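# Overview (structure and organization)
Residue-level listing of the chains:
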Amino acid sequence: MSTLLPKSSLPIHQLPPLDSNRSAITNTTNLFRATNPQNKKFPSLTIKTRASPTTNEESPPSLLTDLETDEPYYEDEVPFGWRETGKPKLSDSWREIHGSSDWAGMLDPIDPLLRSELIRYGEMAQACYDAFDFDPFSKYCGSCRYNRRHFYEELGMSGSGYEVTRYLYATSNLSIPNFFKKSHWEKTWSQGANWIGYVAVSDDETSARIGRRDIVIAWRGTVTRLEWVADLMDFLRPVSDAGIPCPDRCVKVESGFLELYSLKDESCRFCKYSAREKVLAEVKRLVELYVKERGEEVSISITGHSLGSALAMMSAYDLAETGARGECPVCVFSFSGPRVGNGRFKERFEKDLGLKALRVVNVHDSVPKVPGVLVNERVHEALRKLVDWLPWSYCHVGVELALDHKKSPFLKETGDPGCFHNLEAHLHLLDGYHGKGERFVLVSRRDPALVNKACDFLKDHHLVPPYWRQDHNKGMIRNGEGRWIQPERSTLEDHPHNIHDHLQQLGLGPNQ
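In this text the structure is predicted, and so the values were computed from the model without any measurement.

## A word on helix H14 (residues 423–432)
Of all 10 residues that make up H14, 10 are buried, and the element is covered over most of its length. Looking only at H14, the buried set comprises Leu423, Glu424, Ala425, His426, Leu427, His428, Leu429, Leu430, Asp431 and Gly432. Where H14 is buried, its residues contact helix H4 (112–130), strand S8 (298–305), strand S9 (330–335), strand S10 (356–362), strand S11 (399–403) and helix H13 (417–421). At the N-terminal boundary of H14, the capping side chain belongs to Asn422, with an oxygen 2.9 Å from the backbone nitrogen of Glu424.

Spelled out as structure tokens, the structure:
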């Protein structure tokens, strides 16, 4: 029962979603698991598919057909007895994927729908990097290169099924390498603001397919280097210092994260409101629209990579603590994120507020291991509580999905920590992960060449150049006189006119 998958010329973001283009056999493992709670062992049928061989000798080798001959590229293990049943629907499983049962039994082996959803949300976080203008010779350096109304289309993600409703900007007193980028030009769009992410919401068609209206918040991390770790790892502060209405001042988070999330500059039109205020106001607006006015079921999904992962944790906590989420479930899909707060923050996040977080990490990446190298969640709970008042006592929140880049036959040995930390590498590892001790085998048509977009991680014989993603002519165009110039962009948006009203409803005055 094998099938041949033709090679596609479409970019990855234009490929149909995984759960809509595979055979009915592909994802029935989820159905098997749901009807077999004891996880009994059944004999399995292994289905292998391989990209069609090319007969054109002049065609360049495909990355998906250039591995060792004994290495399959697509494989699905399907229990006997379920071959003729329909595949599970995302609309029936989204609560479990959002952590209603803390992903029990879904990570080892990994649930196929969960894998595809993690990759989908990871690509939304990756879009923050792909759309960011980090060229210091651009007068728009530090902004998003695209208008939000055409955001996904410009990135080749026109089939995402989401519409960006608000851009997020931040300012900081901290010097964070490769996060706050500034232009060499004197006349620039802003002297103190940087684009940091966006809020998006699923359209009607996608909402029907996934079983609810989904609000997504995506946060950007640093562009390449990791020096921000040393710059931000400072001391713990109570979350209430930023105006978050937490009744317990023992709930603390890293001060740099808190500043980045809550600081504002009223002299800057883009940072007149903090990133925190923008998120709270926009989510409250969308919840009122879709829950109160239309009576729909709504989920809030927050994603981010690296430093953006810390901001994702902060915003999820804040949405619950302030009540801006209403009764909507909130889940964080974190990629390669550091620890954010202390043990009391973990307890408040998970137990008191009922928030869910799934953290995807590479075991060789150093960022998820800081801060809190000495005292963290791995220390015995009784001992940890004794020293939880210390400024360097941290705890991860949520559930961890640990991946290992050494399992991938596509990736080479390297000592570059930026490769271990790269988001595209994490998405590649997700694509081939089946469970602990299982062989690494890709299960979708996601192109491994994406790994080298912003790093040098693929084996050289695949002939994919490192750091290959570049702007065409670095954004320069020829004008009517034949001169090369930087084109003007449409007017950058700052804040909606009703943001103050939504903040007032949350009890956030102008001085908070």
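Anyway, onward from the coordinates.
## Digging into the sheet that holds S9
Here 7 strands make up an open sheet; going across it, the order is S3-S4-S5-S8-S9-S10-S11 and the pairing mixed. Both outer strands of the open sheet, strand S3 (162–170) and S11, are each paired with one neighbouring strand and no more. Strand-to-strand twist of the sheet, defined as the mean angle between neighbouring strand axes without regard to direction, takes the value 15°. Lying over the sheet, helix H10 (residues 307–322) contacts strand S4 (194–202), strand S5 (213–219), S8, S9 and S10, oriented at roughly 150° with respect to S8.

## Considering the pairing of S5
Counting buried positions over the 7 residues of S5 gives 7, a clear majority of the element. The two faces of S5 match: Arg213, Ile215, Ile217 and Trp219 on one face and Asp214, Val216 and Ala218 on the other face are all buried. Across 7 bridges, S5 lies against S8 in parallel orientation. Residue Trp219 lies in a different strand from S8, and its bridge partner there is Gly304.

## Description of the environment of Val373
Of note, Val373 is situated in the loop between S10 and helix H12 (381–386). With a relative accessible area of 59%, Val373 lands in the exposed category. Considering only alpha carbons, one finds Val373 and Tyr394, 21 residues apart in sequence, at a separation of 8.3 Å.

## Remarks on the packing of helix H9 (residues 275–293) against H10
Closest axis-to-axis distance for the H9/H10 pair is 10 Å, and the angle between their directions is 55°. Compared by their axis directions, H9 and H10 come out oblique. By crossing handedness, the relation of H9 to H10 is classed as right-handed. Residues Arg276, Val279, Leu280 and Val283 of H9 form the contact with H10, whose participating residues are Ser315, Asp318, Leu319 and Thr322. Each residue belonging to the contact of H9 with H10 can be placed in one class, and the counts come to 4 nonpolar, 2 polar and 2 charged.

## Some points on the nonpolar core
Ranked by internal contacts, the top residues of the largest apolar core, which has 66 residues, are Leu114, Phe151, Tyr152, Trp195, Tyr198, Leu401 and Leu430. Considering every element that reaches this core, the biggest residue donor is H4, with 10 residues. Those residues in contact with Phe151 that lie beyond four places of it in its chain are Ala127, Ala131, Cys144, Tyr146, Val164, Tyr167, Trp195 and Tyr198. By size, the runner-up hydrophobic cluster in this structure holds 64 residues, among which are Leu168, Leu232, Leu286 and Phe349.

## Overview of a nonpolar patch on the surface
On the surface, Val373, Leu374 and Trp392 cluster together into a nonpolar patch covering about 360 Å² of accessible area. By the element assignment, Leu374 lies in the loop between S10 and H12.

## So, the pattern of salt bridges
This structure, assessed with the given rule, holds 32 salt bridges. The salt bridge involving Glu123 is made with Arg446; its shortest N-O contact spans 2.8 Å. Taken as a pair, Glu123 in helix H4 and Arg446 in the loop between H14 and strand S12 (477–478) lie far apart in primary sequence, 323 residues in all. Exposure class is identical for Glu123 and Arg446. Each is buried. Arg249 serves as the salt-bridge partner of Asp241, at 3.2 Å between the closest nitrogen and oxygen. For Asp241, a relative accessible area of 37% gives the class partly exposed.

Criteria and cut-off values
- Residues numbered from 1 in each chain as written.
- Predicted model: local features only at pLDDT ≥ 70, side-chain atom pairs only at ≥ 80, totals over all residues.
- Heavy atoms only, no water.
- Buried < 20%, exposed > 50% of the residue type's maximum accessible area, 1.4 Å probe, protein only.
- Helix = DSSP H or I, 4+ residues; strand = E, 2+ residues; numbered from the N terminus.
- Contact = heavy atoms within 4.5 Å.
- Polar contact = N/O pair within 3.5 Å; in protein donor to acceptor, adjacent residues only side chain to side chain.
- Pairing = 2+ DSSP bridges.
- Axes fitted to C-alpha atoms, helices over the stretch in contact; angles between N-to-C directions.
- Parallel < 35°, antiparallel > 145°, perpendicular 65-115°, else oblique.
- Left-handed = near helix turned anticlockwise from the far one by under 90°.
- Nonpolar A, V, L, I, M, F, W, Y, C, P; charged D, E, K, R; others polar.
- Core = buried A, V, L, I, M, F, W, Y, C linked by side-chain atoms within 4.5 Å.
- Patch = residues over 30% accessible without salt bridge, like charges linked within 9 Å, V, L, I, M, F, W, Y side chains within 5 Å.
- Areas by Shrake-Rupley, 256 points an atom, 1.4 Å probe, with all protein chains shown as cover.
- Salt bridge = Lys/Arg side-chain N within 4 Å of Asp/Glu carboxyl O.

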